[in-house]
Amino acid sequence: MKNEIFVPGRLCMFGEHSDWAGKYRTMNADIEPGAAIVTGTEQGITAVIEKSDKFEMCSTAPEISDIWADFSCPMNAEMLKKVAHSGSFFSYCAGVASYMLEWYNVGGVKITLTSMTLPMKSGLSSSAAICVLVTRAFNQLYGLNLSTLGEMNIAYWGELRTESRCGRLDQACAFGVRPVLMNFDGEEITVDRLSVKKTLYWVFADLCAEKDTIQILKDLNKGFPFADNEKERMIQEALGKDNKEITSKAIEYIKEGKLEELGELMTYAQRVFDEKVAPMCPSQLTSPVLHRTLEDPNIKALTYGGKGVGSQGDGSIQFLAKDAECQEKLIEYLKSLGMRPFKLTIAPRYTIRKAVIPVAGFGTRLYPTTRFLKKDFFPIVDKDGMVKPVILILLEELIDSGIEEVCIVIGSEEERRQYREFFETPLSDEHFGKIKPELRAYEEKIRHIGEHLRFVYQEEKRGFGHAVYQSVEFAAGEPVLLLLGDTIYRSNSNKSCTRQLIEAFEKFNCPMVSIHPIPLENVSHYGILYGNWDTNREKYLHVEKFVEKPTIAYAEENLGVRTKDGDMKYFSVFGQYILTPEVYGQLKKDIEASAGSPKEIELTSAIDAVRMTSGLVGAVLDGKMFDMGKPDAFQECVAEYSKLK
């Protein structure tokens, strides 16, 4: 079994040094918890991983071909620890491998780097990225079911087995290319993903100067856990109360798209650091190159603000550019100064306001009724006692969940006629007069729902992915909710299944799929997902594989997800997805690649391809799904749907 994984670098946007400062709360409760806003970068490490009888690190990455030599070591704890303490090129990898061997009794792995776009020793924690990469390799290959936070913690402890003295925020790269808020309260760490309203055109650069990180950390730690003088009191204030206020404002500005204010906050944060933290280590934190660059008028004209990176000093610098053009100009200007700049574009994270429902299939499994009635119009008794078409039940849930527009993917003008007659054509006066007075308001509700509908045609039947792609213009670059036209849902709470998934998206801001456990003997009928739980609540699964209709044998060996009770479960799609623009982009590539071929375009394969770079989260919803596409399932729905509370 071979998997490909990607781990980005990490950039601390706000809150540097607060990770280790917050840890001192175990000794002094008066110290404020630490808080840092950290993001993964576009630059990172891509690797192919597979099981081995040894621990092996290989590379075909052209970026590091001149410094690389393959490494191999037996899976022996003492030998791996010796390499970890050696300070060699592979010490970080060996530190993690020794930890995994001792605590999880794993076998070996072979990791082959295929791309290394992450610069080393530039404030982006390339060492943390490789530690996360190694941890994730063991986690995936040996089915350890570690959450992302668990991977982050193991990468940290593995790196501590080397000569490195990394901070707790370094391994935030485990959470991918998106901003997160990390809180540090003694030994406790929490991570929350942040929403982004407007595109952030970030630029960071290696100043190509000198600094001594070890000396910086040594001097700053003298101010903890207790302050004995004014300088030590100021550093505790800067990394505590002041930092809390700064990060809170940064979260607000990022969420509301206040870019000028965010840039000004960067400048203010640097001033606080210079006034209250730098005096603890003037030999390193006077930072003449950093400050000269921050004050450069050519740079100020292109940016809203800037500040140092990581441990600060003359190491790296970061800016918020005014727009994409300014971002490119800034990069070229920094290059002219002899620096190594990189860009990071963090796109907006929308809430969901659009939905797509493909209904263009023939419904052959429900023949002969589908000769004259499409399955999306099959009648079901709803929980309110009214007999409604399946599609109306779906649409009511969408509108009630805040969806503003719904795209129905249909296959013919005849299908469009059915929707026109039901949702757009008023009843005759005679028919309307026969309806009970208490139900007449519902007629207006149906017309109101019809106003939210848009229609596109799938004129060529080339699979589910092809049907979904017909809505690409409707999506218009926004993430959309995707529902199946022959599936309805009943929540076990007062929050609909649709609302649950939308709220999950607002938490993770990446492609989503609702999931539920199914018996092993049924896996060959569904798309099956494998991954690791986000937390021990086992509500969100970070998906590592998404396989369409696997064999029972393959699923049993490769796709089982272990729960905290020790059970092995198999998860299939619950019938609701949230698709990001990247999924539509991949569908387009798949369609173009198969031009002239009868090959069907699968949504599952497109989502799995996007998972590699954007991530994919499976959300276990509190509810039940009714698949209306088969006679036995339809019979169950008719019998049970309205009875559920």
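To be clear, the structure that these remarks concern was listed above.
Below, the structure is looked at part by part. (Residues numbered from 1 in each chain as written. Predicted model: local features only at pLDDT ≥ 70, side-chain atom pairs only at ≥ 80, totals over all residues. Heavy atoms only, no water.)

This paragraph deals with the pattern of salt bridges. Enumeration over the complete set of coordinates arrives at 34 salt bridges. The salt bridge involving Asp53 is made with Lys54; its shortest N-O contact spans 3.5 Å. With its nearest N and O atoms 2.5 Å apart, the salt bridge here joins Glu421 to Arg417. With Glu421 and Arg417 both in helix H14 (residues 413-423) and four residues apart, this pair spans about one turn of that helix. Salt bridges here are not isolated pairs; linked through shared partners, they connect Glu230, Arg233, Glu237, Lys241, Asp242 and Lys276. (Salt bridge = Lys/Arg side-chain N within 4 Å of Asp/Glu carboxyl O. Helix = DSSP H or I, 4+ residues; strand = E, 2+ residues; numbered from the N terminus.)

Turning to the sheet that holds strand E8 (residues 200-206), a few remarks are in order. Strand pairing in a sheet is mediated by backbone hydrogen bonds. Such pairs are either parallel or antiparallel. With respect to topology, four strands assemble into an open sheet ordered E9-E10-E8-E11, the strand pairing being antiparallel. With one partner strand each, in any of the chains shown, strand E9 (303-308) and strand E11 (340-346) form the two edges of the open sheet. For this sheet, the mean angle separating the axes of adjacent strands, direction not counted, is 20°. Of the strands in this sheet, E8, E9 and strand E10 (316-321) touch helix H8 (residues 259-276), which is tilted by about 30° from E9. (Pairing = 2+ DSSP bridges. Axes fitted to C-alpha atoms, helices over the stretch in contact; angles between N-to-C directions. Contact = heavy atoms within 4.5 Å.)

Moving on, we come to the packing of aromatic side chains. Inspection of every chain in the model, using the stated rule, returns 21 aromatic pairs. When the ring of Phe204 is compared with that of Phe342, the centres are 5.7 Å apart and the planes differ by 25°; the resulting orientation is stacked. Highlighted residues: Phe204 in strand E8 and Phe342 in strand E11, separated in sequence by 138 residues. Of the two residues, Phe204 and Phe342, both sit in the buried class. Seen in terms of ring centroids, Trp533 and Phe571 are 5.5 Å apart; in terms of plane orientation they differ by 85°. Their pairing is edge-to-face. With Trp533 in strand E20 (residues 527-533) and Phe571 in strand E23 (residues 568-579), the pair connects residues that are 38 residues apart, well separated along the chain. The pair formed by Trp533 and Phe571 is uniform in burial state, with each residue classed as buried. Over the ring of Phe474 we find Lys354; its NZ or CZ atom is 5.2 Å from the centre of that ring. (Phe/Tyr/Trp six-rings, centres within 6.5 Å; stacked < 30°, edge-to-face > 60°. Buried < 20%, exposed > 50% of the residue type's maximum accessible area, 1.4 Å probe, protein only. Lys NZ or Arg CZ within 6 Å of the ring centre and 35° of its normal.)

Function cannot be inferred from these measures alone, as they are strictly geometric.
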